[in-house]
Amino acid sequence: MPENETTAPSLENLLHETRAFPPSPAFAAQANAQPELYEAAEADRLEFWAQQARELVTWSTPFTQTLDWSGAPVAKWFADGKLNAAYNAVDRHVEAGLGDRVALHFEGEPGDTRTVTYADLQQEVSRAANALTSLGVEKGDRVVIYLPMLVESVVAMLACARIGAPHSVVFGGFSADALRSRIADAEAKLVVTADGGYRRGAPSALKPAVDEAIAPKDGEPATTVEHVLVVRRTGQDVAWTEGRDVWWHEALEAADTFHEPVAVDAEHPLFILYTSGTTGKPKGILHTTGGYLTQAAYTHKNVFDLKAETDVYWCTADIGWVTGHTYVVYGPLTNGATQVLYEGTPDTPHRGRWWELVEKYKVSILYTAPTAIRTCMKWGEDIPAGFDLSSLRVLGSVGEPINPEAWMWYRRVIGGDTAPIVDTWWQTETGAIMISPLPGVTATKPGSAQVALPGIVADVVDDEAHSVPDGGGGYLVLSEPWPAMLRGIWGDLQRFKDTYWSRFEGLYFAGDGAKKDEDGDIWLLGRVDDVMNVSGHRLSTTEIESALVSHDIVAEAAVVGANDETTGQAVVAFVILRGEHADRGATPEGAAQVQEELRAHVAKEIGPIAKPRRILVVAELPKTRSGKIMRRLLRDVAENRTVGDATTLADSSVMDLIAAGLSSAKPGSED
Ligand code: WT7
């Protein structure tokens, strides 16, 4: 199936939300963002971005060109300028006399803490840059980072940026197989990992996955990795390959604390981040330096109203996702912010851990995902009520649509009915926030990301690419290039063009359905392609289907995202077993066993986050006469709805068969 195939977004459940919360005069008076920001961007969009780039970023060679779109859809921003992202995130603050400012309040899950100032960060990033260099990493070489949330994770990313070696962070929850394919695709020279990390009160191992990922396998050669740098976090035993493996602390101890940041071209690759598309193979989203850093800093300053001298900022995202890249590392550090970095889960050792951290560090800006908010709602408001949350003054949401009920709860229970909420829409591909209210300017609406930021041009269009009128629905598109936009898919320019630029001529197609309300504000309605969103994490139906059919007993598989109250969507799989195993699905015990076996298999192939909530053994799958699986009907089944119109099926009795076979199936255990 082509990657740009879409189905019309569901507009049946148009939201009828009329509440709006204008900013308080006090907030508006002190806000970084003022209404004039929209006017300035409107008056001269390119000059507006050039001005942001000059004000927020330090250039070693100033740029003279703002945008070169002659190679569309590959943009060049600020192309003749040179800069270094790590210098911008660290050194220049020290040079400005802010070396003693806390950059990171690290809090480990077991309760260990570490305070890192900008001066500390400069020393550590410099040492790490020297260590990477002495291990043979040069400008342009790729480094894979597979770490938990540690100070070293931030340091490793910045050390790469400092020497001009693009990093590719792989989320620590991905399996050895998923890690292997990403290392291979990026042709990485070095991997930074840890012995393990703490999760839910216990140490878990990471290094074995790296050992497995880079070894030769089933006829595939070993990867291009020459060295593995290992952070000691848990102290657990690790297998060691002499000559290849190097302890992080030993390499850093041996390294000099002085390192001259390498000035790179604005369009030099800063990082590759893999994300799921609609086909089986993850896409290596490529971001470059100057435009990305500009938009990261600009959005972080204005959307969160950051006052670097006084705010304590906390983004709960893992660095394995783009939110961690832009809003834990590059945005906040470029702006000289003080932030909290937390290693663990929100319920270890108790369900008030996050709120305890807000109280302890007097967090004033919190950025998290709707799933987390809904989970806290479920746990009950008496838990946050037990902590002093009065320091909070701006709340952010990201990753999936936030339902009005969760939005209202966030505002009332966490924000004390005063803190503005910014619902921020963006993607791995956009690099930074694109659509969001501006605190102090926008009257916020529960559940809507509302307006394109100053400098960004977004629209909702119909099938023919015509802009829909207010009140209408369709597809979200971005009509003009933006500084932090992806510059391609690593090694696959054609796929980049096909995926994002072929659906509508000259427009970037985001893959989301959206509507405009009567005021022209944008409401996101979820993906319109075969991409699922589980707990704000992007998963591909096709990728999970491929994982399922790679198991010996599976003949065919179909995966759908079913609505879920807490996680947004949940993965539900339908499988047909191979002839000789077909009987195994016949009894409830057999079906339960198959389900557990296949869940474990998906965890091994991709990672625990991709494990289907339910796997249903069926005899047939609903297909059109042209052989396309009708996921809409399977979604009806997965959501316990009456099955919709099945008249286009090649065999219309299939749905009765499926429904009949399901009565005994049980969901899998929760993780
Ligand atoms: C997809 C991008 C951006 C960082 C986290 C996810 C969905 C993201 C919102 C929002 C509604 C949202 C979209 C988008 N999404 N933010 N505020 N409201 N939907 O990054 O993994 O690249 O996923 O997440 O469907 O396309 P990602």
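Residues numbered from 1 in each chain as written. Predicted model: local features only at pLDDT ≥ 70, side-chain atom pairs only at ≥ 80, totals over all residues. Heavy atoms only, no water.

So, the overall build of the protein chain
Note the following rule: What counts as a helix is a DSSP run of H or I of at least four residues, what counts as a strand is a run of E of at least two, and both are numbered from the N terminus. Using C-alpha atoms as the atom set, the radius of gyration is obtained and then compared with a globule rule of 2.2 Å times the number of residues to the power 0.38. Each residue is assigned to one of three classes by its accessible area relative to the maximum for its type, calculated with a 1.4 Å probe on protein chains only: buried under 20%, partly exposed between the two thresholds, exposed over 50%. Computed with a 1.4 Å probe, the accessible areas rest on the Shrake-Rupley method; for each residue, only the protein chains presented here act as cover.
Scanning the protein chain from N- to C-terminus turns up 20 helices and 30 strands. At 24 Å, the protein chain has a C-alpha radius of gyration in line with the 26 Å of a compact globule built from 671 residues. Its C-alpha atoms give the protein chain principal-axis dimensions of about 75 × 65 × 55 Å. A burial count over the protein chain gives 60% of its 671 residues as buried. Approximately 25,100 Å² of the protein chain is accessible, and the part contributed by carbon and sulfur atoms is 50%.

Considering the pairing of strand E18 (residues 365-368)
As a reminder of what qualifies: The pairing criterion is simple: DSSP has to find at least two bridges between the two strands.
Neither face of E18 is open: one carries Ile365 and Tyr367, the other Leu366 and Thr368, and all of them are buried. Alignment of E18 against strand E19 (residues 394-398), held across four bridges, turns out to be parallel. Note that in E19 the partner of Leu366 across the bridge is Leu395.

Observations concerning the side chain of Thr566
Here is the rule we go by: We define a polar contact as two N or O atoms separated by no more than 3.5 Å, with the added condition that, inside protein, one atom must be a possible hydrogen donor and the other a possible acceptor, whereas residues neighbouring each other in sequence contribute only through side-chain atom pairs. In this description, contact between two residues means that some pair of their heavy atoms is separated by no more than 4.5 Å.
Here Thr566 shows up in the loop between strand E28 (554-564) and strand E29 (568-577). A polar side-chain atom of Thr566 sits 3.2 Å from a polar atom in the side chain of Lys378. Beyond its immediate sequence surroundings of up to four residues, Thr566 is in contact with Thr371, Arg374, Thr375 and Lys378.

Considerations on the sheet that holds strand E22 (residues 473-478)
Defined as follows: For helices, the axis comes from a line fit to the C-alpha atoms of the stretch in contact; other axes are also lines fit to C-alpha atoms, and the angle between any two N-to-C directions lies between 0 and 180 degrees.
In spatial order, the strands read E21-E22-E24-E25; together these four strands make up an open sheet with antiparallel pairing. Looking along the sheet, the strands with just one partner apiece sit at the ends: strand E21 (458-461) and strand E25 (522-527). Mean inter-strand twist for the sheet, computed between neighbouring axes without regard to direction, equals 45 degrees. The pairing of E21 with E22 spans four bridges and is antiparallel. Bridged to Val461 within E22 is Tyr475.

Details of the site of the ligand
Condition: One heavy atom within 4 Å of a molecule or strand makes the whole residue count as near it. By the convention adopted, Pro, Cys, Tyr, Trp, Phe, Met, Ile, Leu, Val and Ala count as nonpolar, Lys, Arg, Asp and Glu as charged, and the other residues, Gly among them, as polar.
Taken together, 17 residues surround the ligand, and among them Asp423, Thr424, Thr428, Asp512 and Arg538 come closest. Between the ligand and Pro401, the relevant distance is 3.4 Å, taken from a nitrogen atom to a main-chain nitrogen or oxygen of the residue. Thr428 places a side-chain nitrogen or oxygen 2.5 Å from an oxygen atom of the ligand. Here the ligand, which alone exposes 550 Å², has 96% of that area covered by the protein. For the shell around the ligand, a count of residues per class yields six nonpolar, six polar and five charged.

Digging into the packing of aromatic side chains
For clarity, the cut-off: A pair of Phe, Tyr and Trp rings is counted when the ring centres sit within 6.5 Å of each other, with Trp represented by its six-membered ring. The angle between the planes then sorts it: under 30 degrees is stacked, over 60 is edge-to-face, the rest tilted. Two thresholds decide whether a charge sits over a ring: the Lys NZ or Arg CZ must be within 6 Å of the ring centre and within 35 degrees of the ring normal.
If you walk through the whole model with that rule in mind, you get 32 aromatic pairs. A ring pair is formed by Phe174 and Trp321, whose centres lie 5.9 Å apart and whose planes are at 65 degrees; its orientation type is edge-to-face. You can see Phe174 sitting in the loop between strand E7 (167-169) and helix H7 (176-186) and its partner Trp321 sitting in the loop between strand E16 (312-315) and helix H11 (322-334), a full 147 residues away along the chain. Look at Trp240 and Trp247: their rings are 4.6 Å apart centre to centre, the planes differ by 20 degrees, and that puts the pair in the stacked class. Members of the aromatic cluster, each reached through a chain of ring pairs, are Trp69, Trp482, Phe496, Tyr500, Trp501 and Tyr508. Over the aromatic face of Trp247 sits the side chain of Arg232, whose NZ or CZ is 5.3 Å from the ring centroid.

Here we look at the packing of helix H6 (residues 151-163) against H11
Stated precisely, the cut-off is as follows: Roughly parallel means an angle under 35 degrees; roughly antiparallel means over 145; roughly perpendicular covers 65 to 115; every other angle is labelled oblique. Take the far helix as the reference: if the near one is turned anticlockwise from it by less than a right angle, the crossing is left-handed, and if turned clockwise, right-handed.
One way to put it is that H6 packs onto H11 with a least axis distance of 11 Å and a crossing angle of 60 degrees. Relative to H11, H6 is oriented oblique. Once H6 is placed against H11, the crossing between them reads as right-handed. Counting all contacts with H6, which are made through Val154, Met157, Leu158 and Ala161, the residues of H11 involved are His325, Val329, Tyr330 and Leu333. A class-by-class count of the residues in the contact of H6 with H11 yields seven nonpolar, one polar and no charged.

Here we look at unusual backbone geometry
Residue Pro73 is bonded to the preceding Ala72 through a cis peptide linkage, with omega at 5 degrees. Note that Pro73 resides in the loop between strand E1 (67-68) and strand E2 (76-77). Cis geometry is adopted by the peptide bond preceding Pro349, which originates at Thr348 and carries an omega value of 0 degrees. Mapped onto the fold, Pro349 is located in the loop between strand E17 (338-342) and helix H12 (353-361). The phi angle at Asp218 is positive, at roughly 35 degrees, despite the residue not being glycine. Of note, Asp218 is situated in the loop between helix H8 (207-214) and strand E11 (227-231). Notably, Asn640 is not glycine yet its phi reads approximately 55 degrees, a positive angle. In this fold, Asn640 is placed in the loop between helix H19 (631-638) and helix H20 (654-662).

Focus on the sheet that holds strand E4 (residues 102-107)
Taken together, seven strands build an open sheet; the order of strands is E5-E4-E17-E16-E18-E19-E20 and the sheet is mixed. The two strands at the open ends of the sheet, each matched to only one other strand, are strand E5 (113-117) and strand E20 (421-424). Pairwise comparison of adjacent strand axes, ignoring direction, gives a mean angle of 20 degrees for this sheet. Summarising the sheet, E19 and E20 pair through four bridges and their orientation is parallel. Of the residues in E20, the one forming a bridge with Ser397 is Asp423.

Structural notes on the pattern of salt bridges
Worth spelling out the cut-off: The salt bridge criterion pairs a side-chain nitrogen of Lys or Arg with a carboxyl oxygen of Asp or Glu, the two atoms within 4 Å.
Taken as a whole and assessed by the stated rule, the structure comprises 43 salt bridges. Between Asp185 and Lys281 there is a salt bridge, and its shortest N-O distance comes to 3.2 Å. Within this pair, whereas Asp185 is found in helix H7, its partner Lys281 is found in the loop between strand E14 (269-275) and strand E15 (283-288), the two being separated by 96 residues in sequence. Of the charged contacts in the structure, one is a salt bridge between Arg412 and Glu381, with a shortest N-O distance of 3.1 Å. Pair noted here: Arg412 is in helix H15 (residues 404-414) and Glu381 is in the loop between helix H13 (370-379) and helix H14 (382-385), with a separation of 31 residues, a long-range link. The network of salt bridges with shared partners includes Glu107, Arg353, Glu356 and Lys360.

Let's talk about the nonpolar core
One recurring pattern in soluble globular proteins: nonpolar side chains tend to sit buried together. Quick reminder of the rule: To form a nonpolar core, buried Ala, Val, Leu, Ile, Met, Phe, Trp, Tyr and Cys residues must be joined to one another through side-chain atoms within 4.5 Å.
In this structure, Leu121, Leu158, Tyr330, Ile544 and Leu548 are the most contacted members of the largest nonpolar core, which totals 161 residues. Ignoring any residue separated from it by four or fewer positions in sequence, one finds Tyr330 in contact with Ala85, Met157, Leu158, Ala161, His167, Leu270, Phe271, Tyr292, Leu293, Ala296 and His325.

Considerations on the UniProt feature "binding site: Mg(2+)" (unreviewed entry) in the protein chain
Rule in force here: UniProt positions are given in the numbering used here, feature names are shortened, and annotations may be inferred rather than shown by experiment.
The feature "binding site: Mg(2+)" (unreviewed entry), as annotated in UniProt, sits at Val549, His551 and Val554 in this numbering. Other than its neighbours up to four places away in sequence, His551 contacts Glu597, Leu598 and His601. For Val554, a relative accessible area of 0% translates into the label buried. Excluding its chain neighbours within four sequence positions, the residues that come into contact with Val554 are Leu548, Val549, Val575, Ile576, Arg578 and Leu598.

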